[in-house]
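Fold and contact review
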Amino acid sequence: MKSAFNATWRHIRRSPYQAAAAIITMTSTFLVVMMFALIFLGSTLLLSHLESLPQVTAFFRDEAKQENIDALKQQLEASGKAASFKFVSKDEALNIYREQNKNDKLLLELVTAEILPASLEVSALKVGDLPELAEIMKQSSIVEDVVFARDVVDKLAKFIEGTRVITTALAILLFVSLVFTTLFIISLRVFVHKDEIETMRLLGAGRWKIFWPFLLEGIFYGVFSATFSGIVSFFVTPLVASFYQDIFLGVLTLPIPVVVYLIVVGSGILLGILASFIGGYIAVNRYIKA
Amino acid sequence: MIKFDKVVKKFGSTPALDNVDLEINDKEFVFLTGPTGAGKTTFFRLLIRDLLPTKGKIFVGDLDVAKLPSHKIPHLRKKIGVVFQDLKLLLDRTIFENIALPLEIIGKTPSEIKRRVDELLFLVGLSGLGVRFPRELSGGELQRVTIARAIAADPQILLADEPTGNLDIGTSWGIMKLLSEINERGTTVVMATHNMEIVAALKKRKIVLDKGKITKDEKRI
Ligand SMILES: Nc1ncnc2c1ncn2[C@@H]1O[C@H](COP(=O)(O)OP(=O)(O)O)[C@@H](O)[C@H]1O
Ligand SMILES: [Mg+2]
């Protein structure tokens, strides 16, 4: 094992430009993959948050009794599509109204609890389910009016769907490109050392004896590139993310917890090791005659 | 120690070795002679399972070489030291590192390796040259390096493929002296050469190959 480390170190030291090129190529690929993974994860978190935001609101008739309202709520719950409920009674509605218009005496005097209706705000687990929930509400006899911004909801649903498809496709593409990059680099390194491999074999070296230095070299590149790009993306992603948010979402923040960074860097390292393993194995085997 | 039983090796349709039957005993010194293209190198490559015979059986000790599963090939190759016709030295490693290769392969510790390589450098008359790279040595010196590497891990058999191939006569005799010494220490030596002067001078067994066939096998001991 120690001699494998020595061999790896010798490979790197004796062709530093190739090693540098390998590291740079892998690091830049990793960087793109990681930033993408982070933005993908961040926007997934954000989108699922957004999806639960749009609400449909039912305004109740004055004669609606609490038990009727509760029954409607249960009916909505039973559909399995509602995410949350918020009941606003006549008194609460008045309070909200007063709070909103506290600087305008005239408006305050005009309104009493009697003329503000009680309401139930419902959000859906999936945006696309809102119309269905609205329909249930409309059919209830105690409901005066149902309000929801259908256009906004439809557009948001389409946007969310589109974003998911595109980010997933890009993430897969980049993943594949990363595996191929590693494969290519390790193959190149093996190719450069093919005489050495042949000689080692003829002198009686086993497959693994030959394999280890290249595997370690690949692992070294993988770990180094993944860690380095992890650190860089930790600082760069928030900038990119804020740009992304400014375009689409305005005030909302993209919440990427540190744990997510650690997970992404960790999977990057594992991915690097895996790709090196596969790449090294394929490449070395090509130059070892059985 | 070595046994060929009706061995045929064909490349395409022309045989490089044709129905070769021979036995070489433990601790023997054997010359394998014949013109270029006679099949000498092919004979060696078959022995270390770098090639598979088209027909026939090959034994090294109790190993049936052609039937050896591929994970046992290293085991066979560790029994046989080879001085390759094209040397096969690693040009980006020092003389010391080149000689150390077989020792590394069998898993010797760095201090064991250091001791053994110094010993070998002394034996082949290259003490002090361990730090140099192959391109900094003469042809005769490089031959010595490959001999040192071939015997580093104490193989039972040493195959030397034209080790005096392109050396002047003085240097060649130095190499022959070294191979004889190695043989006297108990290693079976098979040396391929077409230098008849050397073959004639050393009273050893001579096997003559021509177009893949054994045409003579003279035991002179
Ligand atoms: N890998 C190969 N492919 C095709 N023909 C080969 C190969 N190796 C050797 N030969 C042929 O086999 C014959 C014996 O070659 P070789 O064993 O190298 O002879 P020697 O070592 O006695 O000069 C020659 O005719 C050579 O051209
Ligand atoms: Mg030859």
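Keep in mind it's a predicted model, so treat the numbers as computed, not measured.

Take the confidence of the model for chain B next. Residues and elements named next belong to chain B. A residue-level look at chain B finds 99% of positions with pLDDT of 70 or above and a mean pLDDT of 94. Element-level mean pLDDT values for chain B span from 91 in helix 7 (residues 196–201) up to 98 in strand 7 (residues 157–161). The ipTM assigned to the predicted complex is 0.92, against a pTM of 0.73.

The next thing to look at is helix 3 (residues 66–78) of chain A. Residues and elements named next belong to chain A. Relative to the 18 Å expected for 13 residues at 1.5 Å per residue, helix 3 spans 18 Å between its end C-alpha atoms, a close match to the ideal helical length. Turning to helix 3, its buried residues number three or more, namely Ile 69, Leu 72 and Leu 76. Buried residues in helix 3, looked at end-on, bunch into an arc of 60°, giving them a common side. In this structure, helix 3 carries Glu 67, Gln 74 and Ala 78 as exposed residues pointing more than 90 degrees from its buried face.

Residue and element names in this part refer to chain B. One can read the domain layout of chain B as domain 1 (1–79 + 156–221) and domain 2 (88–154). One C-alpha centre belongs to domain 1, the other to domain 2, and the line joining them spans 23 Å. On the side of domain 2, twelve residues touch domain 1, which itself brings 13 residues to the contact. Carbon and sulfur atoms make up 74% of the area that domain 1 and domain 2 hide from each other, which totals about 1,000 Å². Inspection of the domain 1/domain 2 interface yields one residue pair in polar contact (both at pLDDT 80 or more). Per-element accounting of the side of domain 1 that touches domain 2 gives the leading share, six residues, to helix 6 (residues 169–184). Considered class by class, the residues forming the side of domain 1 that touches domain 2 number seven nonpolar, three polar and three charged.

Scanning the model with the defined rule gives three cavities of 30 Å³ or more in all. There is about 120 Å³ of room inside the largest cavity. For the largest cavity, the full set of lining residues is Leu 203 of chain A together with Arg 77, Lys 78, Ile 80, Gly 81, Val 82, Pro 102, Ile 106, Arg 149, Ala 150, Ala 153 and Pro 155 of chain B. Looking at the lining of the largest cavity element by element, the count peaks at three residues for strand 6 (residues 80–83) of chain B.

Another aspect to go through is the coordination of the magnesium ion (ligand 2). Residue and element names in this part refer to chain B. Surrounding the magnesium ion (ligand 2) are the protein donor atoms Thr 41 (OG1) and Gln 85 (OE1), which sit 2.0 to 2.3 Å from the metal. Residue Thr 41 is located in helix 1 (residues 40–47), and its partner Gln 85 is located in the loop between strand 6 and helix 3 (95–105); the two are separated by 44 residues in the primary sequence. Residue class for Thr 41 comes out partly exposed when judged on its relative accessible area of 28%.

Once that is clear, we can look at the packing of helix 3 of chain B against helix 4 (residues 110–123) of chain B. Helix-helix packing: each pair is described by the crossing angle between the helix axes and the interaxial distance. Residue and element names in this part refer to chain B. Relative to each other, helix 3 and helix 4 sit at 120°, their axes nearing to 10 Å. What the angle tells us is that helix 3 and helix 4 run oblique. Judged by the sense of rotation from one axis to the other, the crossing of helix 3 with helix 4 is right-handed. Along its contact with helix 3, which presents Ile 95, Phe 96, Ile 99, Ala 100, Leu 103 and Glu 104, the element helix 4 presents Ile 113, Lys 114, Arg 116, Val 117, Asp 118, Leu 120 and Leu 121. Residue composition of the contact of helix 3 with helix 4, by class: nine nonpolar, no polar and four charged.

Conventions adopted
- Residues numbered from 1 in each chain as written.
- Chains lettered and ligands numbered in written order.
- Predicted model: local features only at pLDDT ≥ 70, side-chain atom pairs only at ≥ 80, totals over all residues.
- Heavy atoms only, no water.
- pLDDT = per-residue confidence, 0-100.
- Helix = DSSP H or I, 4+ residues; strand = E, 2+ residues; numbered from the N terminus.
- Expected span 1.5 Å × (residues − 1).
- Buried < 20%, exposed > 50% of the residue type's maximum accessible area, 1.4 Å probe, protein only.
- Arc of directions from axis to C-beta.
- Domains from an automatic or database assignment.
- Contact = heavy atoms within 4.5 Å.
- Buried area = accessible area lost by both parts, 1.4 Å probe.
- Polar contact = N/O pair within 3.5 Å; in protein donor to acceptor, adjacent residues only side chain to side chain.
- Nonpolar A, V, L, I, M, F, W, Y, C, P; charged D, E, K, R; others polar.
- 1 Å grid on protein atoms, 1.4 Å probe; cavity = no way out; pocket = protein on both sides within 12 Å on 5 of 7 lines; lining within 4 Å.
- Points joined across faces, edges and corners; volume = space filled by probe spheres on them.
- Donors = N, O, S within 2.8 Å, 3.2 Å for Na, K, Ca; no water.
- Axes fitted to C-alpha atoms, helices over the stretch in contact; angles between N-to-C directions.
- Parallel < 35°, antiparallel > 145°, perpendicular 65-115°, else oblique.
- Left-handed = near helix turned anticlockwise from the far one by under 90°.

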